[in-house]
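Structural overview for review
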Amino acid sequence: WLTSDSDSSQYGGMQTQKLLRGKLDLADDEAYVLTLDPGGSDYWVLTLYDWWAMSGNFWSRTSSLNDTQTLANDDGTHTVVFSIQDPGVHNWVDTLDLHKTVFLQRWQLMPTGVGEDGRLWAGGEPSASGRVVKLSELRDVLPAETRWVTPAERIQQLEQRYESFQRR
């Protein structure tokens, strides 16, 4: 399931941030395909969590992705694939061997304006849509421009990710 909050400031969050939460229950041969529309945000990040809201190994596995780590679709959206096993898709969210997990999508730095009451408001309309598919169906359901990676390219992607983490 997916739930979204149009304004996270009511919960103490940033007014220029919008959120999406999802809960996954995947079999070994399944994937969750999620397409994200940034809706005007200047930055977004998707992070996988376990049931206790703990993020896993994001430094050397792709259990989180942001707008600079993914490749966009031709229309400006980003399609990511959650799965237990590596499907060979560049935009893979590694579920860290978890069948049941949750994720949080944060769109940040939304366009802003000032209302008649003088209050700041966040504009933009980010959105998401997703569905569970069999891994064997991925080539049929992903956009034609999806970047597929070889095992060697995945190793390189993970090495670059770890090097980037080390510079933090």
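See the structure printed just above.
In this text, all values refer to a predicted model and were calculated from it rather than measured experimentally. (Residues numbered from 1 in each chain as written. Predicted model: local features only at pLDDT ≥ 70, side-chain atom pairs only at ≥ 80, totals over all residues. Heavy atoms only, no water.)

With respect to a nonpolar patch on the surface
Taken together, Trp51, Trp52 and Met54 make up a surface patch of nonpolar side chains, about 440 Å² in accessible area. You can see Trp52 is positioned in the loop between strand 4 (43-49) and strand 5 (64-66). (Patch = residues over 30% accessible without salt bridge, like charges linked within 9 Å, V, L, I, M, F, W, Y side chains within 5 Å. Areas by Shrake-Rupley, 256 points an atom, 1.4 Å probe, with all protein chains shown as cover. Salt bridge = Lys/Arg side-chain N within 4 Å of Asp/Glu carboxyl O. Helix = DSSP H or I, 4+ residues; strand = E, 2+ residues; numbered from the N terminus.)

Focus: the pattern of salt bridges
One pass over the full model with this rule turns up six salt bridges. Of the charged contacts in the structure, one is a salt bridge between Lys100 and Asp25, with a shortest N-O distance of 3.8 Å. One end of the pair, Lys100, is in strand 8 (residues 100-108); the other, Asp25, is in strand 2 (residues 18-25), and 75 residues separate them in sequence. Three or more residues joined by partner-sharing salt bridges are found here, namely Arg61, Asp94 and Asp97.

Comments concerning the packing of aromatic side chains
The full count for this structure, using the stated rule, is five aromatic pairs. Ring plane angle 55° and centroid distance 5.8 Å describe the contact between Tyr32 and Phe82, whose orientation is recorded as tilted. Here Phe82 lies in strand 6 (residues 78-83) and Tyr32 lies in strand 3 (residues 30-37), a separation of 50 residues in the sequence. By the burial criterion, Tyr32 is buried, and Phe82 matches it. Site record: aromatic cluster; members linked through ring pairs are Tyr32, Phe82 and Phe103. (Phe/Tyr/Trp six-rings, centres within 6.5 Å; stacked < 30°, edge-to-face > 60°. Buried < 20%, exposed > 50% of the residue type's maximum accessible area, 1.4 Å probe, protein only.)

Re the nonpolar core
Counting 17 residues, the largest nonpolar core has Tyr32, Leu34, Leu46, Val80, Phe82, Val93 and Phe103 as the members making the most contacts within it. Secondary structure elements with two or more residues in this core: strand 2, strand 3, strand 4, strand 6 and strand 8. When neighbours within four sequence positions are excluded, Val80 is seen to be in contact with Tyr32, Val33, Leu34, Leu46, Leu65, Thr70, Asn91 and Val93. Counting eight residues, the second largest nonpolar core, distinct from the first, contains Ala31, Val89, Leu135 and Leu138. (Core = buried A, V, L, I, M, F, W, Y, C linked by side-chain atoms within 4.5 Å. Contact = heavy atoms within 4.5 Å.)

Things to note about the pairing of strand 3
Side-chain positions along a regular strand alternate between the two faces of the sheet. With six of eight residues buried, strand 3 lies mostly within the body of the structure. In this sheet, strand 11 (residues 127-134) lies alongside strand 3 in antiparallel orientation, the contact comprising eight bridges. From the neighbouring strand, Val33 faces strand 11, where its bridge partner is Arg131. Strand direction decides the pairing type here: strand 3 and strand 6, joined by six bridges, are antiparallel. Bridge pairing in strand 6 links Tyr32 to Phe82. (Pairing = 2+ DSSP bridges.)

As for the environment of Val33
For Val33, the position within the fold is in strand 3. Dropping the residues within four chain positions of it, Val33 is found in contact with Thr79, Val80, Val81, Ser129, Gly130, Arg131, Val133, Leu138, Val141 and Leu142.

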